[in-house]
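Next come the chains, spelled out residue by residue.
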Amino acid sequence: MKPKKWPIVVGTVALVFVVAGMGFWVWHEQPSFCAAICHTPMDPYVETYDQPLGEAGVDKWGNEVADTSSMLAVAHKASGKTCLDCHVPTLGEQMAEGASWVTGGYGVPLQEATLADLGAARGVASDEFCLNESCHNLTRDDLANATAGMTRNPHLAYHGDISCDSCHKAHRASVNYCTQCHADAETPAGWLTSKESADLPTG
């Protein structure tokens, strides 16, 4: 009497699905996943992330960037972070993005998430999203002390608390927010003044 082969076949098929699922999940955590699945709308973001640190590069619109260190995506990659260390998309968000991708109802590049958006996805306040033990283990006071020697200390709350992403940009050159009003505000090397940022082509 021949032994039944179906348990071996079912076991093999199940094992293939498990391994494939694990491989897909690992790939899902990589920037290449975003570009491969969503392709066109995500390409500019992945391209900025993949640039070497501390060199001339381009932003998400293709504008020249004097120093890629001024883009958080590049700096975070250099420190070993991936896209999903900051971006935590919900299932509903991914489904909506998938529908937009299928119908072509999106801009290129996609609209950049704000720090408030990123914090809301994690259920934390904007400050806590960046200033925490696993990212930047600092307080607002620590930041103010670190930049105390600047003509206009960008981390002092002269005009109330200003969100970190008013200056620090992920996929484009960071901007000295203070230069909107203060011509003597020091703009770090590779960063832009508010006027320079406003004058950039964004389409």
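Residues numbered from 1 in each chain as written. Predicted model: local features only at pLDDT ≥ 70, side-chain atom pairs only at ≥ 80, totals over all residues. Heavy atoms only, no water.

As annotated in an unreviewed UniProt entry, the chain carries the name Salivary glue protein Sgs-3 and is attributed to Eggerthella guodeyinii. Looking at the chain in UniProt, the text filed under Subcellular location (unreviewed entry) is "Cell envelope". (UniProt positions renumbered as here; feature names shortened; annotations may be inferred.)

Turning our attention to the overall build of the chain. Of the regular secondary structure elements, the chain holds nine helices and four strands. Of the regular secondary structure in the chain, the N- to C-terminal order runs α-α-α-β-β-α-α-α-α-α-β-β-α. Long-range pairs, those at least 24 residues apart, make up 46% of the contacts in the chain between residues at least 6 apart in sequence. Total accessible area on the chain stands at roughly 12,900 Å², and carbon and sulfur atoms take up 62% of it. (Helix = DSSP H or I, 4+ residues; strand = E, 2+ residues; numbered from the N terminus. Contact = heavy atoms within 4.5 Å. Areas by Shrake-Rupley, 256 points an atom, 1.4 Å probe, with all protein chains shown as cover.)

The next point concerns the side chain of aspartate 59. In this fold, aspartate 59 is placed in the loop between β1 (57-58) and β2 (64-65). No salt bridge is formed by the buried aspartate 59, whose closest oppositely charged neighbour, arginine 172, lies at an N-O distance of 7.0 Å. At 2.9 Å, the side chain of aspartate 59 and the backbone nitrogen of tryptophan 61 are in polar contact. There is a polar contact of 2.8 Å between the side chain of aspartate 59 and the backbone nitrogen of asparagine 63. Aside from chain neighbours lying at most four places away, what touches aspartate 59 is Thr48, Val65, Met71, His171, Arg172 and Leu200. (Buried < 20%, exposed > 50% of the residue type's maximum accessible area, 1.4 Å probe, protein only. Lys, Arg positive; Asp, Glu negative; His and termini not counted. Salt bridge = Lys/Arg side-chain N within 4 Å of Asp/Glu carboxyl O. Polar contact = N/O pair within 3.5 Å; in protein donor to acceptor, adjacent residues only side chain to side chain.)

Structurally, serine 126 is set in helix α7 (residues 126-130). Note on serine 126: relative accessible area 24%, which makes it partly exposed. For serine 126 and alanine 116, which are 10 residues apart along the polypeptide, the C-alpha to C-alpha distance reads 5.4 Å. Leave out the neighbours within four places in its chain, and serine 126 touches Leu115 and Ala116.

Another point: the pattern of salt bridges. Considering all chains together, one arrives at six salt bridges under this definition. Linking arginine 140 and aspartate 127 is a salt bridge whose minimum nitrogen-to-oxygen distance equals 2.9 Å. Taken as a pair, arginine 140 in helix α8 (residues 140-146) and aspartate 127 in helix α7 lie far apart in primary sequence, 13 residues in all. Here aspartate 184 and arginine 152 are joined by a salt bridge, their closest N and O atoms 2.7 Å apart.

All right, on to the side chain of serine 197 then. Inspection of the secondary structure assignment puts serine 197 in helix α9 (residues 194-198). Residue class for serine 197 comes out buried when judged on its relative accessible area of 16%. Not counting residues within four places of it along the chain, the set of residues in contact with serine 197 comprises Arg172, Val175 and Leu192.

One pass over the full model with this rule turns up zero disulfides. Not part of a disulfide, cysteine 178 finds its nearest cysteine sulfur in cysteine 167, a span of 5.7 Å. (Disulfide = S-S within 2.5 Å.)

Now for helix α5 (residues 91-103). Structurally, the α-helix is built with 3.6 residues per turn, so residues lying three or four positions apart point the same way. Between its first and last C-alpha, α5 extends 18 Å over 13 residues, near the 18 Å set by a 1.5 Å rise per residue. Following α5 by one or two positions, glycine 104 has its phi on the positive side, about 80°. (Expected span 1.5 Å × (residues − 1).)

Tracing the chain through its elements places valine 124 in the loop between α6 (115-122) and α7. Here valine 124 falls in the partly exposed class, since its relative accessible area comes to 27%. Those residues in contact with valine 124 that sit more than four places away from it in its chain are Gly119 and Phe129.

It is worth spelling out a nonpolar patch on the surface at this point. Where nonpolar side chains cluster on the molecular surface, the patch consists of Val9, Val13 and Phe17 and spans about 310 Å² of accessible area. If you trace the backbone, valine 9 turns up in helix α1 (residues 6-28). Overall, the relative accessible area of 49% leaves valine 9 in the partly exposed class. (Patch = residues over 30% accessible without salt bridge, like charges linked within 9 Å, V, L, I, M, F, W, Y side chains within 5 Å.)

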